[in-house]
Amino acid sequence: MASVRLFAIKALQGSPSICNQSECLLHRTQAFAVRAISTVTSPTSTAVVYDQHGPPEAVTKVVDIPPVELRETDVCVKMLAAPINPSDINRIEGVYPVRPPIPAVGGYEGVGEVHSLGSAVRNLCPGDWVIPSPPSSGTWQTYVVKDQNVWHRIDKDTPIEYAATITVNPLTALRMVEDFANLKSGDAIVQNGATSIVGQCVIQLARERGIHSINIIRDRAGSDEVKEKLKKLGADEVYTESQLEVKNVKVLLAKIPEPALGFNCVGGNAASLVLKFLRQGGTMVTYGGMSKKPITVSTSSFIFKDVALRGFWLQKWMSSDKAQECRKMIDYLLSLVREGKLTTELVPFSAFHTALDKALGKFGSQPKQVIKF
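Because the structure is predicted, anything quoted here is derived from the model rather than measured. (Residues numbered from 1 in each chain as written. Predicted model: local features only at pLDDT ≥ 70, side-chain atom pairs only at ≥ 80, totals over all residues. Heavy atoms only, no water.)

1. Notes on the overall build of the protein chain
And then number 1: A count of helical and extended segments in the protein chain gives twelve helices and 17 strands.
And then number 2: Relative to all contacts within the protein chain whose residues are 6 or more apart in sequence, the contacts with residues 24 or more apart total 73%. (Helix = DSSP H or I, 4+ residues; strand = E, 2+ residues; numbered from the N terminus. Contact = heavy atoms within 4.5 Å.)

Structure, rendered in structure tokens:
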């Protein structure tokens, strides 16, 4: 989860419509009347599809998909923006544990505007902004038709790029901060992969709760600028991996207490550095393995420090009947966004495959991309 790219699918005409209760009733009445005399269908959709697993840049293509008939409880959503997450790439490659059957449309989260409704839909109106919650496959297309239960209405004051990316990465950060230790104001956490979207969210959620964060980044050109950006988000300390090649990292902490909790999304040496910071009885949670290297734990860490190793996979957490709980958490995270307490950085681009190449790291470390259809 070290990076995420975003592309936007925007209407060419006008801004999203605002629908009051009277208009909503009118739309539903019209939808029922239309259904009585004809079949309601979605518009033709432009989609990013793949019919075999493999390198995303080789197996994906942009095609038009014919209109889809809406059932009574279906909602047709015009997608506004959708991210390219590492897990999306893994699904296309065929290496992710859970993936849709092929042929498939890419994408797993995003934000859209309600375009049209089945006659039995009661809780949504045309013009509402919605996200799939829990996330649902097939968001890399201009129009998505799914049952009303898939969609969660959100505040239209939310910046589009945050609405599109709120579920997978920020929710991962929130659950890890809350689920593995009873952290209080003044406590500390340590993490590698601090420049990732999850890492940035962890920093900001910790700051909001008065929790110190110690952050590890890889050695790179411009690391001083990266450190400064993370500190502006609320990071207490930021170290490159080479800075931590010392026998006792605890001397670097000054007034920050030893962390009770650590997060690892890299593996290899970067995971060992997280373990070096943990206090007696601390826990390291692994949620990714970007280096593709195994985690090595010293015998003394287990015997003398009694560290615990845990894992976290958001999709498994969400599959355990937590839809309503998940939506409350998303609303909380979006409220932080609107208050300016949770931010990420996004830059517009103009083509899906360009953003895909950037998501695959072909041009080095890049800001987050937005592609407009």
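That shown, we press on.
2. Notes on the pattern of salt bridges
As a working rule, side chains carrying opposite charge can pair if their charged atoms are close by.
And then number 1: Applying the stated criterion across every chain yields a total of eleven salt bridges.
And then number 2: One salt bridge connects R175 with D179, and the closest N-O pair in it is separated by 2.5 Å. Of this pair, R175 and D179 both sit in helix α5 (residues 168-179), four residues apart, which is roughly one turn of the helix.
And then number 3: Owing to a relative accessible area of 5%, R175 belongs among the buried residues under this scheme.
And then number 4: Here E208 and K341 are joined by a salt bridge, their closest N and O atoms 3.5 Å apart. Residue E208 is found in helix α6 (residues 197-208), and its partner K341 is found in the loop between α11 (323-338) and β16 (346-349); the two are separated by 133 residues along the sequence.
And then number 5: Classification of K341 as partly exposed rests on a relative accessible area of 31%.
And then number 6: It is possible to trace a salt-bridge network through shared partners that takes in R175, E178, D179 and R209. (Salt bridge = Lys/Arg side-chain N within 4 Å of Asp/Glu carboxyl O. Buried < 20%, exposed > 50% of the residue type's maximum accessible area, 1.4 Å probe, protein only.)

3. Some remarks on the packing of aromatic side chains
And then number 1: In total, this model carries three aromatic pairs according to the counting rule given.
And then number 2: Plain terms: the ring middles of Y239 and F277 are 6.3 Å apart, the flat faces sit at 20° to each other, and that makes the pair stacked. Within this pair, whereas Y239 is found in strand β12 (residues 237-240), its partner F277 is found in helix α8 (residues 268-277), the two being separated by 38 residues in sequence.
And then number 3: The ring of Y108 is capped by R91, whose NZ or CZ atom sits 3.9 Å from the centre of that ring. (Phe/Tyr/Trp six-rings, centres within 6.5 Å; stacked < 30°, edge-to-face > 60°. Lys NZ or Arg CZ within 6 Å of the ring centre and 35° of its normal.)

4. Remarks on the sheet that holds strand β2 (residues 45-50)
Within a sheet, adjacent strands bond to each other through the backbone by hydrogen bonds, running parallel or antiparallel.
And then number 1: Across the sheet, three strands lie side by side as β3-β2-β5; this open sheet has antiparallel pairing. This sheet does not close on itself; its edge strands, each paired only once, are β3 (60-65) and β5 (104-105).
And then number 2: Two elements, β2 and β3, share six bridges in a ladder whose sense is antiparallel. The residue of β3 that forms the bridge with T46 is D64. (Pairing = 2+ DSSP bridges.)

5. Re unusual backbone geometry
And then number 1: Put simply, I102 and P103 share a cis peptide bond, and its omega is 0°.
And then number 2: Cis rather than trans, the peptide bond between S133 and P134 has omega equal to -5°.
And then number 3: Structurally, the position occupied by P134 is in the loop between β7 (129-132) and β8 (143-147).
And then number 4: You will see that D306, though not glycine, has its phi angle at about 55°, which is positive.
And then number 5: Within the secondary structure, D306 is located in the loop between α9 (299-303) and β15 (308-311).

6. Side note on empty space enclosed by the protein
And then number 1: With the rule as written, the count across this model stands at three cavities of 30 Å³ or more.
And then number 2: A volume near 70 Å³ is recorded for the largest cavity.
And then number 3: When residues of the lining of the largest cavity are traced back to their parent elements, those giving at least two are α3 (86-93) and α10 (314-318).
And then number 4: With three residues, the single largest contributor to the lining of the largest cavity is α10.
And then number 5: Per-class residue counts for the lining of the largest cavity are seven nonpolar, two polar and one charged. (1 Å grid on protein atoms, 1.4 Å probe; cavity = no way out; pocket = protein on both sides within 12 Å on 5 of 7 lines; lining within 4 Å. Points joined across faces, edges and corners; volume = space filled by probe spheres on them. Nonpolar A, V, L, I, M, F, W, Y, C, P; charged D, E, K, R; others polar.)

7. Regarding the packing of α6 against helix α7 (residues 223-233)
And then number 1: At a closest axis distance of 8 Å, the pairing of α6 and α7 adopts a crossing angle of 40°. Classified by the interaxial angle, the pair formed by α6 and α7 is oblique. Counting all contacts with α6, which are made through Q200, I203, Q204 and R207, the residues of α7 involved are L230, K232 and L233. (Axes fitted to C-alpha atoms, helices over the stretch in contact; angles between N-to-C directions. Parallel < 35°, antiparallel > 145°, perpendicular 65-115°, else oblique.)

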